[in-house]
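Listed here are the chains, written in short residue letters.
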Amino acid sequence: MKLGIRRVLCVALIVAFAITGGHLFAGGRAEPAPATGEGITTLRVGALFPQTGGMAFGGSNALQGTQIAVDLFNETNPHGITVELVDADAPDPATGTTGVRQLITQRNVDVVMGTFSSAVASATAPAAERLNVLYVETTAWAEGITRNTSNVLRTTISSGSLGAAAADFILTGLAEELGVAEADMRVALVFTDDEFGTSIADAAVERVQASQARLVVRESYPAATTTDLSSVLLRIQQEQPHAVIHIAQVPDGVLFWRQAQQLGVDMPAVVGVGGGYGQQEFARPLGANSDGIFNVVPPTSGSINVDSLTPNAQNLLSELQTRVAARGWTQGPYTDWAFMGTWVFLNEIVPNAASTSIEDFMAAAANVRVDALDSITGFGFEFAGADHENSGQNLQAIPVVQQWQNQELRVTYPRELAVAEFINVPLPPWSERTQTIRQ
Amino acid sequence: MRINDPTPIPPAASRIIGAAALVLLLFVPLVIRDIYWIDMGITILIWASLATAWNISGGFAGGLSLGHAAFFGVGAYTSTLLFLRLGITPWIGIFVGAVLAGLLGALLGVITFRLKGPFFVLATLAFGIVIHIINVNWRGLTRGAAGLLLPFRGGPQNMLFLNLWAYWYVALGLLVLTVGISAAIERSRLGYFLVALREDEDAARSLGVRVVRSKVVAAATSAALAACVGSVYAAFIQYIDPDSTTQFELSVQIALVAIVGGMGTTFGPLLGAAIVIPLGEILRARLGGGAALVVYGILLMVIVLTAPNGAIAGVRMLVRRVRLFIDSRRKADA
Amino acid sequence: MQLVLQIVANGLLIGGLYALLAVGLTLIFGVLRVVNFAHAEFMMLGMYGAYWLWSIYGLDPYISVFLVTPVIFLLGVAVDRLIIQRSIGKPDVTVVFATLGLSIFLQNAVLTLWTADIRSVSTFATGSVFVVGGVRLSVAMTISFAAAMLFALGLWFFLTKTMYGKGIQAVAQNRRAAALMGIDVKRAYLITYSVAVAAAGAMGVLVAPIFTIFPRVGQTQIVTIFVIVVLGGLGSVPGAVIAALLVGIIRSGAGFMFGTAWGELAYFAVFLLVLIVRPQGLFGRRGAEVYGG
């Protein structure tokens, strides 16, 4: 009995390997991409965003922006191209990776768009690359996404430029406004220990350490489980930095400020970098205490002077606002970035691509020139070529410094893009503020 | 903790079933051409191995661990870091990871062998979280939350394949290894010791069962096998970060797969993986993530409340019915 | 010195929040021998209750706490009937994973119903502080701290001084003997579970002015609470209170000295150490960890 089974197993093993072995070690794709003719007539777009788990909030916003861009494109449709949107949940890298494979092999999408989460994108963009499919990143910022891959077009900013911009602003514009020389400048850095926080923090640290300024606090914490930031705040109080860079999600961002008020920790200037600091949900609970808090991000429709945009862009924006409102959604910055990134991809790249191969998409992307004033987000589009260190990166996605003023984010730096003057520099000490109660 | 086992499937029959299943599994890639389903199949195999590894300490020895993600993570990170930093192939790294995790598992076993029930559960939970915090914050070694991307170089000699089918066979090999070890333990002296300890520790001790040694060996074996699965997972997904390797939620799911299938049996965890993984995927695709997890939560409650022996108990009942039916037919014929 | 006092005060206040959850969790374990993994989810539901009553009717959480707590109590009754009573006396696997399933269910039911949006409540108490000897105390945190201490005290009084409380203690010590003495064991379970989760819900309402509200907010607390109840000795109410304050101070102090990230590690290290050296916890019954109940 025993022997019999062994023999059967051995034979089966040998046969299986004989048949499949050739494939196994030859490499190459299991199923080659179907060759398409000249131009694209229908395009299936896979949208991969976290819709559950800890990142569901921003992920859903981004998916909504993508959805509206596709709807609008199909209705106007100047190029005779039909776009079908298929979405998949990507709460973590493993689910995202199987999601990419599912989208590509089962749902036959021609391009994958995503991802909001930097950690997920770090896994899913290479997964699409192995299946030879273009990956359009509209909302995740991690530097590595464009650096390690050849199939990524990123319409939004990279974390390296954000961290560097935050540090540069502190060392130049802010130092000047505060009247502190660079050599005397003391900087604190507080960040979440996720991919989002650490990748931005690394770039900021590099920039501060290259300057004469001193980095006096460098603290990270887990965004998902933090219920108390008082020890970080007491460190800040002890070290008396001129400026604090805080990279946070919404809950810990709000907690940081509520506890700063409770503990009476005065900070002359706080510079957030995207994430929580860019959301209404961050500013609303803080009320007037949010006035004067900085935020470094790619601009959004909410932070720029919309009147300076071209009529086309203004129409596009009001279209987006109407549709967001009609569906009972809320328009956040990620809605804007996902919408505009998708819109540019569909209108400027897809009609000019000969086929859905990565090479044809990249060739079409190389010719894209969208002016900042033609975009609802106020930054233009021009993609880095294959020889660039960050190939596929939108080089026009340059961060600006916004400031919360009366519950709205206004661009205040660089001066030539500013729509408002600085307020509250330095921030008033807590002892001089009045308590605010807001509904 | 009593696992009712009215009719154990006889060894000969289970061997035949196992061999037949293996032959079928060997040929699966020839039948299924769709990458999505292969992908799902590999995921099931990986989870089956992981749940089998958990089952050695959780099922046989009765220590419900909620910290097994730690060992999985140690395996994934060891083989990946050895490959990235020193160029050592994961084929070797997988064993280094297993040894490291085995030592950690033994250490945890020594610390916790006295603890019972909820105390043991919470100790393993805390251990898992300690490893996770270290993983997130020791950025010089693990790169923290940025994770590690396996660059695609080398090919088969580095456990990196362009063709998904290859992973099917790697995962299948891994499953054969874990199930083989699990079955060997179940039938060995150690296996009987563990079950005796699980059922009544004092009685077992008085009969001469070496308590500490048995428990520590089980914990170490279980940890080492979980680490092997971690190494294969890393090569398969080609990106690892703390949240996908050492997080608490992962520990919960490992235990869950084994429990749904039926803990304390060799085939239970396999059945569990075959049920839970596709179900999760289908629910997620059909209902969306949130609603899927709502169903997941309800299912989990219903299963542990109404069928704590898992799905394997149902299968056994079926086998028994069939056998009774055949027997009665034979009698009738005679 | 000022700084040290402030660190201790911060630790004590946050410890008070932990205590309100930990007391309930430890009581459930002591009496029912169930580890309630869904405990912090009731806090989350309490937070949402506070949010909706505040945003729709403008009710201050310090008023709505009297409306939300009874609702959570009733929910506790339902959960006890449907799930908890059915898992008592079953193998460990049922006891542990039934409440884990409940936790997954509640989190995602809320996610599906009310989306992942991050909500917040702002009241007069949100930013206000009072200063005692140079140490700044948040009004909202102080109120919830006081509520936690009152609850723990009231509970202790109830358990040790009233007939009914003594009955529950008898159930905790030996459920069979208690039943033989004519104590309605099922009723004792029901009361214990519902009171404990109602306390968690009340805590949710009270902290709504401080923390933001989202479906996974319970996850931020639960592991810390487990550490606390084991440190205090599973089943020991005074132990849970003292351990909660201790963990608050360790976290706050270690966070200041070593940074938040490694501060987290500090109390897990203490936890593992206690498990090795004194597994019954600081105040637990000797031998409980070995017999497991």
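Here we summarise the structure given alongside this text. All residue numbers refer to position in the chain's written sequence, counted from 1. Labels follow written order: the first chain is A, the first ligand is 1, and so on. For a predicted model such as this one, the threshold for reporting local features is a pLDDT of at least 70, and the threshold for listing and counting side-chain atom pairs is 80 or more; totals across whole chains, interfaces and linings nevertheless cover every residue. To obtain the side-chain values, all non-hydrogen atoms of the structure were used and water was disregarded.

### Some points on the interface of chain C and chain B
- Residue contacts are defined here by distance: any two heavy atoms, one from each residue, within 4.5 Å place the two residues in contact. Counting from both sides, the interface comprises 44 residues of chain C and, opposite them, 40 residues of chain B.
- For the pair chain C and chain B, the summed buried surface comes to about 3800 Å²; carbon and sulfur atoms form 82% of the total.
- Here, a salt bridge means any Lys or Arg side-chain nitrogen found within 4 Å of an Asp or Glu carboxyl oxygen. Joining chain C to chain B, the criterion identifies 1 salt bridge.
- Taking the shortest distance from any N to any O, the salt bridge between Arg216 of chain C and Glu249 of chain B comes out at 3.8 Å.
- When contributions to the side of chain C that touches chain B are tallied by element, the ones reaching two or more residues are helix H3 (61–87), helix H4 (92–114), helix H9 (219–232), helix H11 (260–277) and helix H12 (288–291) of chain C. What counts as buried area is the accessible surface, traced by a 1.4 Å probe, that two parts surrender upon association, with contributions from both included. To qualify as a helix, a DSSP run of H or I must reach at least 4 residues; to qualify as a strand, a run of E must reach at least 2; elements of each kind are numbered from the N terminus.

### Side note on the pairing of strand S8 (residues 243–247) of chain A
Residue and element names in this part refer to chain A.
- The rule is simple: take the accessible area with a 1.4 Å probe, protein chains only, and divide by the maximum for that residue type; under 20% is buried, over 50% is exposed, in between is partly exposed. Extensive coverage of S8 is indicated by the burial of 5 of its 5 residues.
- Here S8 shows two buried faces, one formed by Ala243, Ile245 and Ile247 and the other by Val244 and His246.
- For two strands to count as paired, DSSP must find a minimum of two bridges between them. Bridge count for strand S6 (residues 186–192) against S8 is 5 bridges, and the pairing is parallel. The residue bridging Val190 from the neighbouring strand is His246, located in S8.

### Details of the sheet that holds S8 of chain A
Residue and element names in this part refer to chain A.
- Reading across the sheet, the 7 strands line up as S7-S6-S8-S9-S10-S11-S12 and stay open at both edges, with mixed pairing between neighbours. A strand with exactly one partner marks an edge of an open sheet, and here the two such strands are strand S7 (214–221) and strand S12 (408–413). Across the sheet, the axes of successive neighbouring strands diverge by a mean angle of 25 degrees, strand direction being ignored.
- Of the strand pairs in this sheet, S8 and strand S9 (residues 269–272) are connected by 4 bridges, and their pairing is parallel. Along S9, the bridge assignment pairs Ile245 with Val271. Comment: axis = line fitted to C-alpha atoms, over the contacting stretch for helices; angle = value between 0 and 180 degrees taken between N-to-C directions.

### Considerations on the pattern of salt bridges
- Inspection of every chain in the model, using the stated rule, returns 15 salt bridges over all chains.
- Arg101 of chain A is the partner of Asp39 of chain B in a salt bridge, and the nearest nitrogen-oxygen pair spans 2.6 Å. Of this pair, Asp39 of chain B sits in helix H2 (residues 35–60) while Arg101 of chain A sits in helix H3 (residues 93–106), placing the two residues on different chains. Pair check on accessibility: Asp39 of chain B and Arg101 of chain A agree, each one buried.
- Taken together, the shared-partner salt bridges connect Glu75, Glu319 and Arg323 of chain A into one network.

### Side note on the interface of chain C and chain A
- Listed per partner, the contact involves 41 residues of chain C and 34 residues of chain A.
- Of the roughly 3200 Å² buried between chain C and chain A on both sides combined, carbon and sulfur atoms contribute 58%.
- It is Ile118, Phe256 and Thr260 of chain C that lose the most area in chain C upon contact with chain A, and together they represent 18% of the buried surface on that side.
- Seen at the junction of chain C and chain A, the total is 0 salt bridges.
- Polar contact is the term for a pair of N or O atoms within 3.5 Å; when the atoms are in protein, one must be able to donate a hydrogen and the other to accept it, and sequence-neighboring residues count only if both atoms are side-chain atoms. There are 10 residue pairs in polar contact (both at pLDDT 80 or more) connecting chain C and chain A.
- Broken down by secondary-structure element, the contributors of at least two residues to the side of chain C that touches chain A are helix H1 (2–32), strand S2 (135–138), H9, helix H10 (237–258) and H11 of chain C.
- Amino acids are sorted into nonpolar (Ala, Val, Leu, Ile, Met, Phe, Trp, Tyr, Cys and Pro), charged (Asp, Glu, Lys and Arg) and polar (every other residue, Gly among them). Of the residues contributing to the side of chain C that touches chain A, the split by class is 18 nonpolar, 18 polar and 5 charged.

### Some remarks on the nonpolar core
- Trp257 and Met267 of chain A, Leu66 of chain B together with Phe37, Phe42 and Phe97 of chain C are the most contacted members of the largest nonpolar core, which has 267 residues in total.
- Among the elements that take part in this core, H1 of chain C stands out by supplying 17 residues, more than any other.
- Both domains that meet at this core, namely domain 1 (42–157 + 309–374) and domain 2 (160–297 + 406–432) of chain A, each give it at least three residues.
- Those residues in contact with Phe97 of chain C that sit more than four places away from it in its chain are Leu66, Val252, Ala255, Leu256, Ile259, Leu300 and Val304 of chain B.
- Nonpolar cores were defined as sets of buried Ala, Val, Leu, Ile, Met, Phe, Trp, Tyr and Cys residues, with membership established by side-chain atoms within 4.5 Å. Counting residues in hydrophobic clusters, the runner-up holds 82 residues, among them Leu189, Val205, Ala213 and Tyr334 of chain A. Where each domain starts and ends follows an automatic or database-derived domain assignment.

### Overview of the sheet that holds strand S5 (residues 152–154) of chain A
Residue and element names in this part refer to chain A.
- Pairing within the open sheet is parallel, and its 5 strands lie in the order S2-S1-S3-S4-S5. Across the chains shown, the open sheet's two edge strands, defined by having one partner strand only, are strand S2 (82–89) and S5. Pairs of neighbouring strands in the sheet enclose a mean axial angle of 25 degrees, with direction left out of account.
- As defined by bridge partners, strand S4 (residues 134–137) adjoins S5 across 3 bridges and the pair is classed as parallel. Within S5, the residue paired with Glu137 across the bridge is Arg154.
- This element, helix H2 (residues 56–76), spans strand S1 (42–49), S2 and strand S3 (111–114) of the sheet and lies at about 165 degrees to S2.

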